[in-house]
Amino acid sequence: MSWILWAFHELFSFLGMDPNSGWTWTFSIVAVVVVIRAALIPVFVKQIKAQRAMQALQPELRKLQAKYKGKKDQLSQQAMIAEQRALFKKHNTGMFSSCMPLLFQMPFFFALFTVLNNTATAKAAGEGIGALSAAHVRSFDESSIFGARLSDTFLNTLNSGNVNISVIIVAVILIVAMSALQFITQRQIMSKNMTKEALEGPFMQQQKMMLYILPLVFGIGGINFPIGLLLYWTATNVWTLAQQFWVIRNNPTPGSEAERELNERRAAKGLPPLREKKAAEAAEAVAAEELKKTQRVQPKRQTKRKR
């Protein structure tokens, strides 16, 4: 993470930005977000597939629950868990598939936290951090936006005895934005991109818990994050919301509210519903494949060998 941060800082400095400005470091942090999230797009695609598979198996899960309803003995519970696991394996999904991007991001998040949170200590010792030299560390530690240093935290500023109101205001705004974006992202999935069966399914309670718990956890934890890290996480949530909005609008879950809205937009343009389009494309692909198999290969004409 220090190498990526250093590379973009050098790039923006080369393009004419002040190397010691907080805005140069801010744009460098946002660029880190773009690189990391672009690299995680394959993970996001797998998450979408896993979520849709989970929604598709909701009817089967309800049948499984009905089958073992009222059976509290150990053997029945073990049998139900075994059948449930087999069902997940069959559909290539799992209970925590929706957490994949978050779990993959955490190592990057903690790596950047380590870099940004140790700048004050490294500056005092005259040391660098990773790819950042001692001069880079000093530059970052002393840089600021709107009067708030990027290395400051809400909690440390509040307990310092010399409260910088700019740090408090900037930190609160970023914490609220970070938590609100996370809430809106999760809410968008539940209101637009889930089928009726999924909304009534056994894992809906898990989705509701994530809707409130994750923003709360990051909101509370945010008071101990440096301003630079709050910028990183806020920018990450902006990316997530925009990426998810595009997917929901253009490739919604079959049977969801988003699919109905997409079909309404397609009907207004005189286009067939999305499922009919996909079915027609699949039929054309099958027909083309069959045509290839049935085409007679013309034999090559052989010329008589001259004696």
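Remember, predicted model here, so these are calculated numbers, not experimental data.

## Things to note about a nonpolar patch on the surface
Together, Leu-11, Phe-14 and Leu-15 make up a nonpolar patch on the protein surface, roughly 370 Å² of accessible area in all. Tracing the sequence through the fold places Leu-15 in the loop between α1 (2-14) and α2 (22-39).

## Here's the deal with the nonpolar core
Ile-227, Leu-230 and Tyr-232 are the most contacted members of the largest nonpolar core, which totals 39 residues. If you list the elements that add at least two residues to this core, you get α2, α6 (100-117), α8 (134-142), α10 (165-192) and α13 (227-250). If we skip the residues at most four places from it in the chain, Tyr-232 touches Met-1, Ile-29, Val-32, Val-33, Ile-36, Phe-108, Phe-109 and Leu-112. Membership of the second largest hydrophobic core comes to 5 residues, among which are Met-54, Leu-57, Leu-61 and Phe-88.

## Let's talk about the pattern of salt bridges
If you walk through the whole model with that rule in mind, you get 6 salt bridges. Taken together, the shared-partner salt bridges connect Lys-123, Asp-141, Glu-142, Arg-149 and Asp-152 into one network.

## A look at the environment of Val-30
One can find Val-30 in helix α2. Given a relative accessible area of 34%, Val-30 falls into the partly exposed group. Along the primary structure Val-30 and Thr-234 are separated by 204 residues, whereas in three dimensions their C-alpha atoms are 9.3 Å apart.

## Structural notes on the packing of α1 against α2
Close contact between α1 and α2 brings their axes to 8 Å; oriented N to C, the two are set at 125°. The angle between the axes of α1 and α2 places the two elements in the oblique class. The way α1 lies across α2 gives a crossing that is right-handed. Side by side, α1 and α2 meet where Ile-4, Leu-5, Phe-8, His-9, Phe-12 and Ser-13 of the first sit next to Thr-24, Trp-25, Phe-27, Ser-28, Ile-29, Ala-31, Val-32, Val-35 and Ile-36 of the second. Among the residues making up the contact of α1 with α2, the classes are represented as 11 nonpolar, 4 polar and no charged.

## Some remarks on helix α4 (residues 58-67)
An α-helical turn contains 3.6 residues, so a residue and the one three or four places further along point in the same direction. Of all the positions in α4, only Gln-58, Leu-61 and Leu-64 are classed as buried. Each buried residue of α4 lies within a common arc of 115° when the element is viewed along its axis, so the set occupies one face. Away from the buried face of α4 by more than 90 degrees, exposed residues Lys-63 and Ala-66 are located.

## Overview of the packing of aromatic side chains
Inspection of the entire model under this criterion finds 13 aromatic pairs. Taken together, a centroid distance of 6.4 Å and an interplanar angle of 80° make the contact between Phe-109 and Phe-218 edge-to-face. Taken together, the residues Phe-109 in helix α6 and Phe-218 in helix α12 (residues 204-221) connect sequence positions 109 residues apart. In terms of burial, Phe-109 and Phe-218 fall into one category: buried. Pairwise contacts between aromatic rings join Phe-109, Phe-110, Phe-113, Phe-218, Phe-225, Tyr-232 and Trp-233 into one cluster.

## Structural notes on the UniProt feature "transmembrane region" (unreviewed entry) in the protein
Within the UniProt annotation, "transmembrane region" (unreviewed entry) is assigned to residues 23-45, 95-116, 163-184 and 211-233. In the segment residues 163-184, helix accounts for 91% and strand for 0%; the C-alpha atoms at its two ends are 32 Å apart. The span residues 211-233 shows a helical share of 78% and a strand share of 0%, and its end C-alpha atoms are spaced 17 Å apart.

## Regarding α10
The end-to-end C-alpha distance of α10 is 40 Å, a good match for the 40 Å that 28 residues give at a rise of 1.5 Å each. Of the residues that open α10, the one with a side-chain oxygen 3.0 Å from the backbone nitrogen of Ser-166 is Asn-164.

## Focus: the side chain of Ser-143
Examined against the element boundaries, Ser-143 turns out to sit in the loop between α8 and β1 (144-145). On the accessibility criterion, Ser-143 (1% relative accessible area) is buried. From its side chain, Ser-143 meets the backbone oxygen of Phe-140 in a polar contact 2.8 Å long. Among residues more than four places away in sequence, those in contact with Ser-143 are Asn-20, Ser-21, Gly-22, Trp-25, Ala-148, Arg-149 and Leu-150.

## Remarks on the environment of Leu-216
Mapped onto the elements, Leu-216 comes out in helix α12. As a C-alpha pair, Leu-216 and Ala-180 span 36 residues in sequence and 9.7 Å in three-dimensional space.

Reading the values: the criteria
Residues numbered from 1 in each chain as written. Predicted model: local features only at pLDDT ≥ 70, side-chain atom pairs only at ≥ 80, totals over all residues. Heavy atoms only, no water. Patch = residues over 30% accessible without salt bridge, like charges linked within 9 Å, V, L, I, M, F, W, Y side chains within 5 Å. Areas by Shrake-Rupley, 256 points an atom, 1.4 Å probe, with all protein chains shown as cover. Salt bridge = Lys/Arg side-chain N within 4 Å of Asp/Glu carboxyl O. Helix = DSSP H or I, 4+ residues; strand = E, 2+ residues; numbered from the N terminus. Core = buried A, V, L, I, M, F, W, Y, C linked by side-chain atoms within 4.5 Å. Buried < 20%, exposed > 50% of the residue type's maximum accessible area, 1.4 Å probe, protein only. Contact = heavy atoms within 4.5 Å. Axes fitted to C-alpha atoms, helices over the stretch in contact; angles between N-to-C directions. Parallel < 35°, antiparallel > 145°, perpendicular 65-115°, else oblique. Left-handed = near helix turned anticlockwise from the far one by under 90°. Nonpolar A, V, L, I, M, F, W, Y, C, P; charged D, E, K, R; others polar. Arc of directions from axis to C-beta. Phe/Tyr/Trp six-rings, centres within 6.5 Å; stacked < 30°, edge-to-face > 60°. UniProt positions renumbered as here; feature names shortened; annotations may be inferred. Expected span 1.5 Å × (residues − 1). Polar contact = N/O pair within 3.5 Å; in protein donor to acceptor, adjacent residues only side chain to side chain.

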